[in-house]
Amino acid sequence: MDFTEIYNQTASLVYFSPGAHYLLTAVEDRLIVRRSESFQIARTWLVNTTSSPTSSALASATAAGPSSQRTKAEETAWITHAGWSCDSEYVLGACAKTGVVSVFKLRDEAWSARIEAGSEGLVKAEWAPDGRTILCFSEWGLRVTMWSLVTGAATYIQYPIHPDRGYAFRQDARYFVLAERHKSKDTLGVYDAHEAYRLVRHFPLPTNSLACLSLSPTGNYLAVWEGPLEYKLYILTLAGHVLGTFSPEPDPGFGIRMVSWHPSGMFLAVAGTDDKVHILESLTWNPIATLELQTRIPAGVNVWREPAGWLEATHGRGFLSYERIQGPFTLPTTGSQVRTRPAKPSAGTRSAAPSTPSVSRSVSGTTQLAFNTSGSLLLVRSASAPTAVLLYDFAMPPSDPTSMSPETSTKREALVPRLRSVLLHAQPVTAARWNPLPARAGRLAVACGSQSVYLWSDEWVTEPEPRLTRVPGRELEAETELEDDSEVAECVGVPAKKFEARDLRWAPDGEGMILLDQKTFCCAFEVEEEGQGGAAVM
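As the structure is a prediction and not an experimental result, all values here were calculated from the model.

A. Structural context of the pairing of strand 32 (residues 366-371). Where burial is concerned, most of strand 32 is hidden: 5 out of the 6 residues are buried. Summarising the sheet, strand 32 and strand 33 (residues 377-382) pair through 5 bridges and their orientation is antiparallel. Bridge assignment links Phe 371 to a residue of strand 33, and that residue is Leu 378. Between strand 32 and strand 33, which follow one another and run antiparallel, lie 5 residues, and Gly 375 among them has a positive phi close to 80°.

Below, the structure written as structure tokens:
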């Protein structure tokens, strides 16, 4: 891989444009656009984060504090949200503390627009899928405002529940689904985004305290679930009909942490705090499989472990393959680490009692659940095994959904995910992302807060090895056989003295990625082999 220089950034606001031709960066109160092929600055704007008169009057008491408080207030006036429009024509930079959103046009440096939230405040600002509307969520769940850059008009919707996980757009960008709370009841509104967000349907939800919602990739189904004290999930249509309800037996005692839809929309993975992942199918919305964190990895599973001390040996340059471990293998977990390192008792006292389940529960549960773009692989991460990434083979569903009838038990069994690979690292995993390009769906990038990035791929093609065999009545003949392994795992060092990759983002074309540290970032791009058209940076 080829790495760029280290650049400054604020609040991890670094994004490739939808076409991957430009890179947007926020540095304090300034927006910078670079060309991705050369990293030369193409545009730069100074964002005016001065609050509106109304906000200034409300914050006047805070501004009159000591100098240390004024310094913190100046820092909070930096850009907190940034993003590209869908066609890369516009960029926005928002400051949530002062309630201001600034919009700029890439092709016209003199053009700009400004949105002032006013007394209701601002907690989040982002682009709508049409690239000409900006969504602004106010404080205290008062309302969400859709500002149109075309007409200059604003549309208001009152009482959204969650500004980060309580809404969704359908994949065709036609409908906007928003969870709302009216008269202490959870409700759902469906709005037509093509007709100035006109209300289409509004109906009550079966939840008592909605935690999150997730719209299926096909836009036919909506998953909503309860808060952290109740493990209960509902499947609805956009017309408000409840199709199914799921609650495991026995009750885990805590709620759902996350769900992930299969790209086909035919399956839903549900995970909570009990290290179990339930796979629901869309015919009856019953589980067809339950995946449980295995501390004992059986034989036949590919176990890859980060080599010890490889960064010091390579000085953070070049790449090195993972170590291959033969199964069966015991997965290192937080519970096992606590048991193997008991507290040393003081003299004259008894040894401490073993940890109770309530202690281990606080560090258990699924922390990430993600299908790749083709739906053939499922990634699972658990807080009980923070250094591990588990990859499951997920059989492709049949093209005809009616073939998934309850009577066809053999087909249902064929769809049960199988643990394929386990990636083990020296430090806890902080981020893991699938390649967004469908042609590179089997490529994974992992960050662990170290001076490196880790890559796994099932696209590895092994060369056939000739083997001499003796055929009766003939001379020795050469036969070729292919190895069973079709994957590779590599550790890639970042050639920088002070850089720790805490997070990463793939470019939309899947040929590069952004590596993020706390206040800096760099980019990494794949380099073509000489036999594939010459050594050139993609």
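B. Just the pattern of salt bridges, in detail. Scanning the model with the defined rule gives 21 salt bridges in all. With a closest N to O distance of 3.9 Å, Asp 192 and Arg 198 form a salt bridge. You can call Asp 192 buried: its relative accessible area is 1%. Several salt bridges share partner residues, and in doing so they unite Arg 174, Asp 192, Glu 195 and Arg 198 into one network.

C. Expanded view of the sheet that holds strand 13 (residues 143-148). Strand order in the open sheet formed by 4 strands is 11-12-13-14, and the pairing between neighbours is antiparallel. Both outer strands of the open sheet, strand 11 (124-127) and strand 14 (154-158), are each paired with one neighbouring strand and no more. Going from strand to strand, the sheet's axes swing by 20° on average, the running direction of each strand aside. Taken together, the 5 bridges between strand 12 (residues 133-137) and strand 13 define a ladder with antiparallel strand orientation. Counterpart to Leu 135 in the pairing with strand 13 is Met 146.

D. The arrangement of the side chain of Arg 420 in detail. Along the chain, the position of Arg 420 falls in strand 35 (residues 418-424). Non-local contacts of Arg 420, meaning those with residues more than four positions away in its chain, are made with Val 301, Asn 302, Leu 377, Leu 391, Tyr 392, Asp 393, Trp 456, Asp 458, Ser 486 and Glu 487.

E. Representation of the confidence of the model for the chain in the model. For the chain, mean pLDDT is 85; residues scoring 70 or higher make up 80% of the total. For residues 337-362, every residue scores under 50 in pLDDT, and the model assigns this stretch 4 contacts once sequence neighbours within four places are set aside. Residue range residues 467-471 is modelled with pLDDT below 50. Its contacts to residues more than four positions away, or to other chains, number 12 contacts.

Parameters and conventions
Along each chain, residues carry numbers from 1 onward, in the same order as the chain's sequence is written. Side-chain atom pairs in this predicted model are given and counted only at pLDDT of 80 or more, local residue features only at pLDDT of at least 70, and totals for whole chains, interfaces and linings cover all residues. Where side-chain values are given, they derive from all heavy atoms of the structure, hydrogens and water being excluded. The rule is simple: take the accessible area with a 1.4 Å probe, protein chains only, and divide by the maximum for that residue type; under 20% is buried, over 50% is exposed, in between is partly exposed. Put simply, DSSP marks the helices as runs of H or I at least four residues long and the strands as runs of E at least two long, and each gets a number from the N terminus on. Paired strands, as defined in this entry, are two strands with at least two bridges between them according to DSSP. Salt-bridge detection follows one rule: a side-chain nitrogen of Lys or Arg within 4 Å of a carboxyl oxygen of Asp or Glu. Fitted lines through C-alpha atoms give the axes, limited to the stretch in contact for helices. The angle between two N-to-C directions lies from 0 to 180 degrees. The contact criterion used is simple: two residues touch if any of their non-hydrogen atoms lie within 4.5 Å. What pLDDT expresses is the predictor's confidence in each residue, scored from 0 to 100.

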